[in-house]
Each structure stands twice: as structure tokens, then as C-alpha cells.
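Here's the letter readout for the chains.
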Amino acid sequence: MNRILIPIDFSENAERALAAAKIMADKENTELLILHAYQPYIPDVSVMPGSVLPGIGSPDYSYIGDDLEANFRHQLDGYVANVVAEGYKAEGIWAVGGVQSAVEDAIEEYKPSLVVTGRTGTGGFLDKLIGSSATNIALHSPCPVMIIPPQAEPKRFSKVVYATQFEYAENDILREVFILMNHLGSKLTLLKVSADSQPDIQPDNQYLDDIKGEFIIGEDEVVYRKADSVLDGIEDYCDEVNADLLIMSTRERSFIEEFLINPSVTKKLVVDTHVPLLIYHLRE
């Protein structure tokens, strides 16, 4: 990997994302791009300029905004300095505006190999229906994206599960995954979960034979499970084997397919999973 982009907000979730990025990085060859998207301070419009507040007088909001910006810039510089002190290559990126647009702009400019972002707690109704910033970045980024949930404390990625439905050709992605497994020294298991709510479109052996024809995969490295839902089956298996990392691929969907006919399991996992999730993108 040449560059890893890590959006941070100076929270514990940012620390977890940075820890995961350092695991993925090669100190000699990988640059960590640490991005903060600053939201300028907007004063309370109900307090008119020149208003006198009890015990405060007439507040000067320009100083408040300047102090906040200086503080956040100082924190970003501190993050970069700490990472460099640990022996990594790093650069800070200061952006103004929303995190999603800042990440999209940074991806376009720097062309990172991976984005690693933290996620807050389980999303509410709008997160599940439309998608939070993390969800949109994960599903639509041109490069792979790793989501670190608040329950995770990344220290290593040794037990890795690749969840697949064997419905599409995935060899291009698996080549990248196996390179990553060699770098991390990880054990990879291919997991297929069957559920009545998501029937098979193609026979499993069609794509599994293609995979085995290119990669060395033992019989014990392909696992089949039956569950009430694909999502539950994936999470239950990850808990059973104490997986450190879950990998999935997602493909572009039309609006009708994504929201009305066949909601994406990947999107649900982005919002709900308690296991770090690495998403690759199948391009059609």
C-alpha cells in the first residue's frame, strides 16, 4: 500500500482507526494521510451582534472561532508528530467542511490504497435508510475502505473472514486480499451463509471452482453456514472464531435494487457490525 487515508475527529474512534491503519501499513513504503475536516464555528443567530449577555458582556465570536481552529490544527499536528515518532511516514491534511466531501476530495487528490475510518455507535433510522458519512464513504469510495466500530480495539488482524455469496467473479479482489494476508501473516477463511431471505442466483461451485483454480485453498478454509439471515450468520461465525477482521466485496446497485428489492448486506454490516470491516468494490 502506498497511502492510507485516515479521517479523524480527535475522538476515541479516531484513535482506533489510526491503530488499525498502522497495522495495515508498511513503515518503509506506506504514507499515513491523517485528515481532519474542520467545521467552522457558527455563532447562535438568536444572539444579535452587540448584544450584552449577563456576566459576559458583548461576546466576540471571531475569537471563539479562531481559538477552536488553532486548537484543532494543533491537535492534528500532534497526531502526525506522534505517528512519525513511531517510525511511520505521515502527512496531515487540513480540510474545511463536511467529512464526506473532505474524504472524497482527498481520495481524488492523493489516490490512497485504503481509507480507514472509525464509526460511532449503531446508526439510527436515517443511517440505516440513507447512510451516514461512514456508510457512504464505505460503499462508494473508488478504493477499499475499512470501518472500525467503537467496540473494536485493533491490535492485530490474524483471523480474517472473507464473506461471499459465490454469486459474482471475485478473483480480482481475492488477489489483493491474499497479498494483504501475506503482509499481515493472517489466516483467511471463505464464508458462505445461506438464508431463505436471500436465495442463490448462481450455483456455488461455478465461482468456487474458479477461485480454487487460481488460489491454494484448503477444504477447511471454505465454510458453509445456514442462518435466519445472512447478516446474523456472518456475525455469529465471526464471534465463534473470534475473527479480528471481516472482509466483504460490494457491487454497484441501482436505487430500486438497493433500497426496495434487495437491501445490501454490506450496508447493514457497515452500520451494525462490531468486527472491523474491510470493503472492496466490484466494478461492473
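Residues numbered from 1 in each chain as written. Predicted model: local features only at pLDDT ≥ 70, side-chain atom pairs only at ≥ 80, totals over all residues. Heavy atoms only, no water.

Engineer: How would you explain the overall build of the protein if you had to name every residue and give the values?
Structural biologist: When its secondary structure is counted, the protein shows 10 helices and 10 strands. Counted over contacts in the protein with a minimum sequence separation of 6, partners at least 24 positions apart contribute 82%. Taken as a whole, the protein presents about 14500 Å² of accessible surface, with 53% of it coming from carbon and sulfur. (Helix = DSSP H or I, 4+ residues; strand = E, 2+ residues; numbered from the N terminus. Contact = heavy atoms within 4.5 Å. Areas by Shrake-Rupley, 256 points an atom, 1.4 Å probe, with all protein chains shown as cover.)

Engineer: Which residues make up the pattern of salt bridges, and what are the values?
Structural biologist: Summed over the entire model, instances satisfying the criterion amount to nine salt bridges. For Arg16, the salt bridge is made with Glu153, and the minimal N-O distance between the two is 3.4 Å. In this pair, Arg16 is assigned in helix α1 (residues 12-24) and Glu153 in the loop between β5 (145-148) and β6 (159-163), connecting sequence segments 137 residues apart. Between Glu69 and Arg73 there is a salt bridge; the shortest N-O distance is 3.2 Å. One end of the pair, Glu69, and the other, Arg73, are both in helix α2 (residues 61-85), four residues apart, so they sit about a helical turn from each other. A relative accessible area of 36% places Arg73 in the partly exposed class. Through salt bridges with shared partners, a single network forms among Glu12, Arg16 and Glu153. (Salt bridge = Lys/Arg side-chain N within 4 Å of Asp/Glu carboxyl O. Buried < 20%, exposed > 50% of the residue type's maximum accessible area, 1.4 Å probe, protein only.)

Engineer: Go over the environment of Val222, please, and point to the residues and values.
Structural biologist: Locating Val222 in the fold gives a position in strand β8 (residues 222-226). Separated by 61 residues in sequence, Val222 and Val161 have C-alpha atoms that sit 9.9 Å apart. In contact with Val222, other than residues within four places in its own chain, are Phe166, Leu190, Leu208 and Ile217.

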